[in-house]
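Chain residues, written in single-letter form:
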Amino acid sequence: MIPEIRKLNGIDTLFVNDEPFFCLAGELHNSSASDLKYMEEHVWPLLQGLNMNSVIVPLYWELIEPEEGKYDFSPVQGLIEQARDNQMKLIFLWFGLWKNAESMYVPGWMKKDTQTYFRAEKVNGERMTTISPLCRAAVEKDKAAFRQVMRFIRSFDEKESTVIVMQVENEIGLLGTARDYCKAANDAFEAAVPEKLTEALQLPAGTWKEVFGKDAEESFMAYSFAKAVEEIAAAGREEYPLPCYANAWLRQYPWYPGSYPSGGPVVEMQPIWRATAPSLFTFGPDIYVSYVPSIMDEYHADNNPLFIPEVRKDAVTASYCLYAFGKHNAICYSPFGVEELNMDPDAIDKPPMEVMIALNIDPSAFDIAGSKEYVAAAYKLVEDMKPQYLQYRGTSHMQAYCKKSETDFGAFLEFEEFDLQVAYAPRIPFKPLGAGIVYELEPNKFLLCGMMSTFTFMPKAGENVKIDIVKLEEGHLEKGEWVSGRVLNGDEKMMLRLGDVPQCLMVEIYKY
Ligand code: DGJ
């Protein structure tokens, strides 16, 4: 059974070997996977103990087609074999024509032939390191290579389904200019917007300027990139129809297209991407900003399944993980540079400030003090609660919360017979934030899962009753089974509290 996205109780869900699969993942640093021996010695051992079930790993076009038309699939095969040995599933990143708004990973023979494989240009004619998405010859070559890669993966892996999802290209767009001004791009920009697009978006016909006004440049780039990616993804999926998606460098400060890659699948451009690239099942955000939950809220709107291929890896990421699955039915959650979580924070060679500035990444996003324990516990919790999660998600019996800002003090959750006031612990450096998932197992029995929160059960409005605890238990879930620990009916029941490490409480209450 080929991995696929299927609706389960109306929710887009990844199925692997015919079972729902939630990617508790981590993405590797860009260059880790370019050497199988390095992976064996320095990376796979570091992925132990994090309770991950999948890894996001690049495939580099330049290594797969070092000579034009001659393919070498040994890196692909090697990574699949290593993943199997480590009982992990793989999400491959196709580093083809575009990576972080440049053409970093195209084979040398293509990089050097700037006549055939022409570059995007700025308004002053300056040629960029990005091959133009209007360059047919380049798109054809990428398409052919991706097709071969997918054919190989099918032949080597269809029975086992080690590879479960493909990301096509990486953080596409143009940096430093809102649009491509090469000749082919200028000609296309002056022409009418393709009818298929205006019809899909229910817009009047006209040129890009007439139809999209001040957003014309970015919209034109979004269409041009989406069209190229659609061709590439569709060719690959003809060989092996694994779920494919594209990821986005967020639209963020200083907000103008070109300060973030212009034409990438940011929320504002998704209608164009969706209409143009139907082979992609979603557009995933790479989240390094401090307002992670708001980005999840945005990227899960409009029926866009939430797939987070890259996210910050400081301690707060454990909280955001629970929010991703609990609130937004995430398919994947994946801190970036995950191999570092198992390292001594002082031993890590942090990217120089220039690189962080160029990538517009908040440096605290890479501060891993404490993260390992919190991420491992959050991942274990999500895995262990799978039966409850599958039973209750999408219903009012499962509700999630997360501290979204300094001024967000708590949540008020309404259940059938009781309401629940949740107060978040104040933010503490290198600790997670208040976050959790509450299951109403019976009208008076609740499973509280999460961290940095205290709880007060309340009667429904207008009810003249008081509430007390029948039984409060600490414990944990094992494959959905509650394994109880101490009964906390003494002093502890005066405050229902989850500490910093993701954990569970089972509480039965009554009214009197
Ligand atoms: C986002 C990119 O998609 C990743 O490949 C990587 O460059 C990170 N930024 C930052 O290191």
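What you are looking at is a predicted structure, and each value in this text was computed from that prediction instead of being measured. (Residues numbered from 1 in each chain as written. Predicted model: local features only at pLDDT ≥ 70, side-chain atom pairs only at ≥ 80, totals over all residues. Heavy atoms only, no water.)

Engineer: Explanation requested: the site of the ligand in the structure shown.
Structural biologist: In the vicinity of the ligand, the contacting residues are Asn30, Lys99, Asn100, Asn170, Glu171, Asp286, Tyr288, Glu310, Phe336, Leu359 and Ile361. Side-chain polar atom of asparagine 30 to an oxygen atom of the ligand: 2.8 Å apart, as the coordinates give it. A distance of 2.9 Å separates an oxygen atom of the ligand from a polar side-chain atom of lysine 99. Grouping the constituent residues of the shell around the ligand by class yields 4 nonpolar, 3 polar and 4 charged. (Near = heavy atom within 4 Å. Polar contact = N/O pair within 3.5 Å; in protein donor to acceptor, adjacent residues only side chain to side chain. Nonpolar A, V, L, I, M, F, W, Y, C, P; charged D, E, K, R; others polar.)

Engineer: Just to check I follow, could you spell out the environment of cysteine 321 for this structure?
Structural biologist: Tracing the backbone shows cysteine 321 in helix H12 (residues 317-328). Residue cysteine 321 is classed as buried on the basis of its relative accessible area, which comes to 1%. Residues cysteine 321 and glutamate 231, 90 residues apart in the sequence, show an inter-C-alpha distance of 33 Å. Excluding anything up to four places from it in sequence, cysteine 321 contacts Tyr333, Ala378, Tyr379 and Val382. (Helix = DSSP H or I, 4+ residues; strand = E, 2+ residues; numbered from the N terminus. Buried < 20%, exposed > 50% of the residue type's maximum accessible area, 1.4 Å probe, protein only. Contact = heavy atoms within 4.5 Å.)

Engineer: Help me out: how do you make sense of helix H5 (residues 136-157) in this one?
Structural biologist: Think of an α-helix as turning once every 3.6 residues; residues three or four places apart then point the same way. For H5, built from 22 residues, the straight-helix expectation of 32 Å at 1.5 Å per residue is met to within 8% by its first-to-last C-alpha distance of 31 Å. Within the sequence span of H5, burial applies to Ala138, Val139, Asp142, Lys143, Ala145, Phe146, Val149, Met150, Phe152, Ile153 and Asp157. (Expected span 1.5 Å × (residues − 1).)

Engineer: Help me out: how do you make sense of the packing of helix H6 (residues 183-190) against helix H9 (residues 216-239) in this one?
Structural biologist: A pair of packed helices is characterised by two quantities: the angle between their axes and the separation of those axes. Running from amino to carboxyl end, H6 crosses H9 at an angle of 110°, the nearest separation of the two axes being 11 Å. On the basis of the axis angle, H6 is roughly perpendicular to H9. Crossing of H6 over H9 shows right-handed handedness. Counting all contacts with H6, which are made through Ala185, Ala188 and Phe189, the residues of H9 involved are Ala216, Glu217 and Phe220. For the contact of H6 with H9, the class distribution of residues is 5 nonpolar, no polar and 1 charged. (Axes fitted to C-alpha atoms, helices over the stretch in contact; angles between N-to-C directions. Parallel < 35°, antiparallel > 145°, perpendicular 65-115°, else oblique. Left-handed = near helix turned anticlockwise from the far one by under 90°.)

Engineer: Can you help me understand the packing of aromatic side chains in this one?
Structural biologist: The geometry of an aromatic ring pair comes down to the distance between the two centres and the angle between the two planes. Using the criterion set out here, one finds 32 aromatic pairs in the structure. Judged by centre distance (6.3 Å) and plane angle (90°), the rings of phenylalanine 22 and phenylalanine 325 are edge-to-face. With a gap of 303 residues between them, phenylalanine 22 in the loop between strand S3 (19-20) and strand S4 (23-27) and phenylalanine 325 in helix H12 connect regions that are remote in the sequence. Assessed through its relative accessible area of 6%, phenylalanine 22 is described here as buried. Seen from their ring centres, tryptophan 208 and phenylalanine 220 are 5.3 Å apart, and the 80° between their planes marks the pair as edge-to-face. (Phe/Tyr/Trp six-rings, centres within 6.5 Å; stacked < 30°, edge-to-face > 60°.)

Engineer: Where do I start with the pairing of strand S23 (residues 503-511) in this structure?
Structural biologist: Consecutive side chains of a regular strand alternate in pointing toward one face of the sheet and then the other. Both strand S18 (residues 445-451) and S23 contribute to a ladder of 6 bridges, which runs antiparallel. Looking at S23, one finds that phenylalanine 446 is bridged to valine 507. As judged from the 8 bridges shared by strand S20 (residues 467-478) and S23, these two strands associate in the antiparallel manner. Bridging from a neighbouring strand, leucine 472 pairs with valine 507 of S23. (Pairing = 2+ DSSP bridges.)

Engineer: Help me understand the sheet that holds S23, please; the structure alone is not making it clear to me.
Structural biologist: Sheet strands line up and pair through hydrogen bonds in the backbone, either parallel or antiparallel. An order of S14-S17-S18-S23-S20-S21 is seen for the 6 strands of this open sheet, with the pairing classed as antiparallel. Edge positions in the open sheet fall to strand S14 (398-402) and strand S21 (481-487), since each of these has one partner strand only. Here the average twist between neighbouring strands, direction ignored, is 30°. Its contacts with the sheet put helix H14 (residues 371-384) on S18, S20 and S23, and the angle it makes with S20 is roughly 100°.

Engineer: Hey, could you run me through unusual backbone geometry in this one?
Structural biologist: Most peptide bonds take the trans form, and the phi angle of most residues other than glycine is negative. A cis geometry characterises the amide bond from tyrosine 253 onward to proline 254, with omega recorded as 5°. Considering the arrangement of structural elements, one finds proline 254 in the loop between strand S10 (244-249) and helix H10 (270-276). Unusually for a residue other than glycine, asparagine 100 sits at a positive phi of about 50°. Looking at where asparagine 100 falls in the secondary structure, it is placed in the loop between strand S6 (89-99) and helix H4 (108-112).

Engineer: Sorry, what's going on with the sheet that holds strand S22 (residues 496-498) here?
Structural biologist: Sheet architecture is open: 4 strands sit in the order S15-S16-S19-S22, paired in antiparallel fashion. Among the strands making up the open sheet, the edge pair consists of strand S15 (410-414) and S22. Across the sheet, the mean angle separating the axes of adjacent strands is 25° when strand polarity is ignored. Two elements, strand S16 (residues 418-424) and strand S19 (residues 453-459), share 7 bridges in a ladder whose sense is antiparallel. Paired with glutamine 421 across the two strands is threonine 456, which belongs to S19.

Engineer: Quick question: what am I supposed to make of the side chain of threonine 198 here?
Structural biologist: When you line up the elements, threonine 198 lands in helix H7 (residues 195-200). Among the polar contacts made by the side chain of threonine 198, one reaches the main-chain carbonyl oxygen of glutamate 195 at a distance of 3.0 Å. Ignoring sequence-local partners within four residues, the contact set of threonine 198 consists of Val193, Leu203, Pro204, Ala205 and Val211.

Engineer: How do you make sense of the pattern of salt bridges when you look at a structure like this?
Structural biologist: Two side chains carrying opposite charge are able to pair once their charged atoms lie near each other. Evaluation of the coordinates by the stated rule reveals 34 salt bridges. Two residues, lysine 37 and glutamate 41, come together in a salt bridge whose shortest N-O distance is 3.6 Å. Residue lysine 37 and its partner glutamate 41 are both found in helix H1 (residues 36-43); the two are separated by 4 residues, about one turn of the helix. The exposure class of lysine 37 is exposed, given its relative accessible area of 55%. Looking at glutamate 41, the relative accessible area reads 47%, which means it is partly exposed. A salt bridge links glutamate 231 to lysine 143; the nearest nitrogen and oxygen atoms lie 3.0 Å apart. Placement of glutamate 231 in helix H9 and of lysine 143 in helix H5 is noted, with a sequence separation of 88 residues between them. Each of Arg136, Glu140, Lys143, Lys227 and Glu231 takes part in one network of salt bridges that share partners. (Salt bridge = Lys/Arg side-chain N within 4 Å of Asp/Glu carboxyl O.)

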